[in-house]
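# Residue-level structure breakdown
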Amino acid sequence: MNRSTEPQRLGDEELIGLVADMDAGAFEVLYDRHSQAVYSLCYRIAGSRSLADDVCQEAFISLWRSGSRYDPRRGSVRSWILSIAHNRAIDQIRRTTRHDARQVHDDGDALAERLPASERTDAEVLRRAEVDDTERMLDLLPGDQRKVISLAFYSGYSHSEIAEVLGVPLGTVKSRMRLGLERLQVHMMEGAER
Amino acid sequence: MSDQAGHCQELLGAYVLGACSRQESEQIAKHLAECAYCALDARRLSAATGALLADVVPVHAPAQVKDRVMAQVRADASLFDAARARERDASPRGAPAAAWWQRLRGRDSARGRHSPPGRRWLSAPAVAFAAALLIAVVGGGLVLAELRNEPEDIRIRTAQIDHALAPGASARLELQGDQARLRVVGLPAPGRGRVYQVWMRAEREAPRPANATFAVDMRGRGVAELPAAVTDADQLLVTSEPQGGSPLPTRPPVLQVDI
């Protein structure tokens, strides 16, 4: 690949190869392509602008410094970037949250409770946005499955924490997680076939 | 962990959602490496979690996030380019270092890492590793090697430098668990009988000592191990102070880091 090629014309896999060589221009193109998806995920998990800013920044710096670790056999560059952001965001909220202090009634309440009062407005905005948007994949699931998956994947709770705060047996939580994921996977396959 | 058939399907949903304990996750990962049946099941369930990553309400990233990211990226790239240029200069006709590079490159390929077609330059980790080996002649090599090999869970805060006081310097705060470390490169000597002192500052409060001073070597490199309390501050400052430190800053800060 010619280094003089405009980075905007390159695919993600070619760009990540240049990022592994510390090419700042190639990295900026990747940032522009994926920052909205990454930031949206960070905001969904962190629940506030200020935390999302930090996590998004850390995720992209991590990407910049670990570009050489990308392995195309394990998925697209986009899913790799989102996985980095997800891991960072979950680590962040686990660090800043005392799970045992939370009382969970629904996912939105949990989100609001772990935020300082000054940032609860953000959480409420987010919750309203989710309520308004009926096209989310999780909305395809029954409420009990949606709740355990959301608490685990977007709020960083462990299965035993979820069992405790919801007051249901651990085995029930595990089976709801599995059934919910299976149902999502079926929806994805049906969507792909349509 | 496993059922009567020796599989771990009951836990796989929680596993791909990241909701298992560390011990469970390690056991499952080990099992998946040996059991094709469960590995296939895990891949199927992971497809759903992969879709959930992007299944969120779209929110635009603020411009200042990009500004901060790109400032760090350009600083790293500049440091890396300088080290790479010094490597070239330090090995006339490319002989000894190139041999190292070729060996490293071969090892990188053998690991099956991604290497884009037609890439003529060597992989950054290989160059960084070579730079570390050539530390006697390459100023930024060690820093680069550390940059590329740092742990995944480390959090970085980039310092703002007063370039009138410290032209060409760069610095960063590394946070990992309860540990905090300030690392500087290219900082001028603090002056005869003086050291650099680190200060913590909360919003609208006067700076207070972080109980950390540090010196720099001939290349302006220095590291300050900081107490965990700095993570509660809003900002860190560094000033040049008399040996032993001062109760209050006596000179303007050469750098500051927003935490």
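Cut-offs applied
Residues numbered from 1 in each chain as written. Chains lettered and ligands numbered in written order. Predicted model: local features only at pLDDT ≥ 70, side-chain atom pairs only at ≥ 80, totals over all residues. Heavy atoms only, no water. Helix = DSSP H or I, 4+ residues; strand = E, 2+ residues; numbered from the N terminus. Buried < 20%, exposed > 50% of the residue type's maximum accessible area, 1.4 Å probe, protein only. Contact = heavy atoms within 4.5 Å. Areas by Shrake-Rupley, 256 points an atom, 1.4 Å probe, with all protein chains shown as cover. Salt bridge = Lys/Arg side-chain N within 4 Å of Asp/Glu carboxyl O. Pairing = 2+ DSSP bridges. Axes fitted to C-alpha atoms, helices over the stretch in contact; angles between N-to-C directions. Left-handed = near helix turned anticlockwise from the far one by under 90°. Nonpolar A, V, L, I, M, F, W, Y, C, P; charged D, E, K, R; others polar. Buried area = accessible area lost by both parts, 1.4 Å probe. Polar contact = N/O pair within 3.5 Å; in protein donor to acceptor, adjacent residues only side chain to side chain. Phe/Tyr/Trp six-rings, centres within 6.5 Å; stacked < 30°, edge-to-face > 60°. Expected span 1.5 Å × (residues − 1). pLDDT = per-residue confidence, 0-100. Core = buried A, V, L, I, M, F, W, Y, C linked by side-chain atoms within 4.5 Å. Domains from an automatic or database assignment.

Another aspect to go through is the overall build of chain A. Within chain A one finds nine helices and zero strands. Going through the 194 residues of chain A one by one, you find that 53% of them count as buried. For chain A, the share of sequence-separated contacts (at least 6 apart) that also reach a separation of at least 24 residues comes to 59%. Here chain A has roughly 8400 Å² of accessible surface; of this, 47% comes from carbon and sulfur atoms.

With that settled, consider the overall build of chain B. Looking only at helices and strands, chain B features seven helices and nine strands. For chain B, with 259 residues in total, the buried portion stands at 45%. Taking as baseline every contact in chain B between residues at least 6 positions apart, the subset at least 24 positions apart corresponds to 54%. Put simply, chain B shows about 13100 Å² of open surface, and 52% of that area lies on carbon and sulfur atoms.

Our next topic: the pattern of salt bridges. Counting across every chain of the model gives 19 salt bridges over all chains. Residue A:E28 pairs with B:R74 through a salt bridge whose shortest N-O separation is 3.3 Å. You can see A:E28 sitting in helix α2 (residues 24-46) and its partner B:R74 sitting in helix α4 (residues 63-90), one on each of two chains. Looking at A:E28, the relative accessible area reads 23%, which means it is partly exposed. With a relative accessible area of 46%, B:R74 lands in the partly exposed category. A:R65 is paired through a salt bridge with B:D76; the nearest N and O atoms lie 2.7 Å apart.

Residue and element names in this part refer to chain B. The five strands are arranged β2-β9-β8-β5-β6 in an open sheet whose pairing can be described as antiparallel. Looking along the sheet, the strands with just one partner apiece sit at the ends: β2 (160-161) and β6 (208-214). For strand β5 (residues 194-201) and β6, the ladder comprises four bridges, and the chain directions are antiparallel. Residue pairing in the sheet places M200 in a bridge with R208 of β6.

Turning to the packing of α2(A) against helix α4 (residues 77-96) of chain A, a few remarks are in order. Residues and elements named next belong to chain A. Close contact between α2 and α4 brings their axes to 9 Å; oriented N to C, the two are set at 30°. Our pair here, α2 against α4, has a crossing hand that is right-handed. Mapping the contact onto sequence places L30, R33, H34, A37, V38, L41, C42, I45 and A46 in α2 and V77, R78, I81, L82, A85, H86, A89, I90 and I93 in α4. Class assignment for the residues of the contact of α2 with α4 results in 14 nonpolar, two polar and two charged.

This next bit is on the interface of chain B and chain A. On the side of chain A, 70 residues touch chain B, which itself brings 67 residues to the contact. Interface of chain B and chain A: buried area, both sides summed, is about 6200 Å²; carbon and sulfur atoms make up 56% of it. Summed over the shared surface of chain B and chain A, the result is seven salt bridges. Between the two partners, chain B and chain A, sit 18 residue pairs in polar contact (both at pLDDT 80 or more). Elements supplying a minimum of two residues to the side of chain B that touches chain A: α1 (9-16), α3 (36-53), α4, α6 (124-133), α7 (141-149) and β1 (155-158) of chain B. Broken down by element, the side of chain B that touches chain A gets its largest block of residues, twelve residues, from α4(B). Split by residue class, the side of chain B that touches chain A holds 35 nonpolar, twelve polar and 20 charged.

Within this structure, the stated rule accounts for six aromatic pairs over all chains. Seen in terms of ring centroids, A:Y70 and A:W80 are 5.4 Å apart; in terms of plane orientation they differ by 50°. Their pairing is tilted. In this pair, A:Y70 is assigned in the loop between α3 (49-66) and α4 and A:W80 in helix α4, connecting sequence segments ten residues apart. A ring pair is formed by B:Y196 and B:F214, whose centres lie 5.5 Å apart and whose planes are at 25°; its orientation type is stacked. Placement of the pair is B:Y196 in strand β5 and B:F214 in strand β6, with a sequence separation of 18 residues. When sorted by exposure, B:Y196 lands in the same class as B:F214, which is buried. Following the ring pairs from residue to residue traces out a cluster consisting of A:F27, A:Y31, A:F60 and A:W64.

Our focus in this paragraph is α4(A). Counted at 1.5 Å a residue, the expected span for α4(A) with its 20 residues is 28 Å, and the 29 Å between its end C-alpha atoms agrees. Of the positions making up α4(A), those classed as buried are A:V77, A:I81, A:L82, A:I84, A:A85, A:H86, A:R88, A:A89, A:I90, A:Q92 and A:I93.

Let us look at the confidence of the model for chain B. All names here are of chain B. Of all residues in chain B, 70% attain a pLDDT of 70 or more, and the chain-wide mean is 75. In the model, residues 93-143 has pLDDT below 50 throughout and makes 81 contacts with residues more than four positions away in sequence or in other chains. Among the prediction metrics, the complex's ipTM stands at 0.77, with pTM recorded as 0.60.

What follows is about the nonpolar core. Residue and element names in this part refer to chain A. One finds F27, F60 and M177 to be the most contacted residues of the largest nonpolar core, which totals 77 residues. Of all the elements, α2 adds the most residues to this core, at 13 residues. In terms of domain composition, this core takes at least three residues from each of domain 1 (1-114) and domain 2 (116-194).

Two orientations exist for strands paired in a sheet by backbone hydrogen bonds: parallel and antiparallel. Residues and elements named next belong to chain B. The four strands are arranged β1-β3-β4-β7 in an open sheet whose pairing can be described as antiparallel. Here the strands that pair on one side only, and so sit at the sheet edges, are β1 and β7 (222-226). Geometrically, the sheet is characterised by an average inter-axis angle of 20° between neighbouring strands, direction not taken into account. Relative to strand β3 (residues 170-176), β1 runs antiparallel, the two sharing four bridges. The residue of β3 that forms the bridge with R157 is L173.

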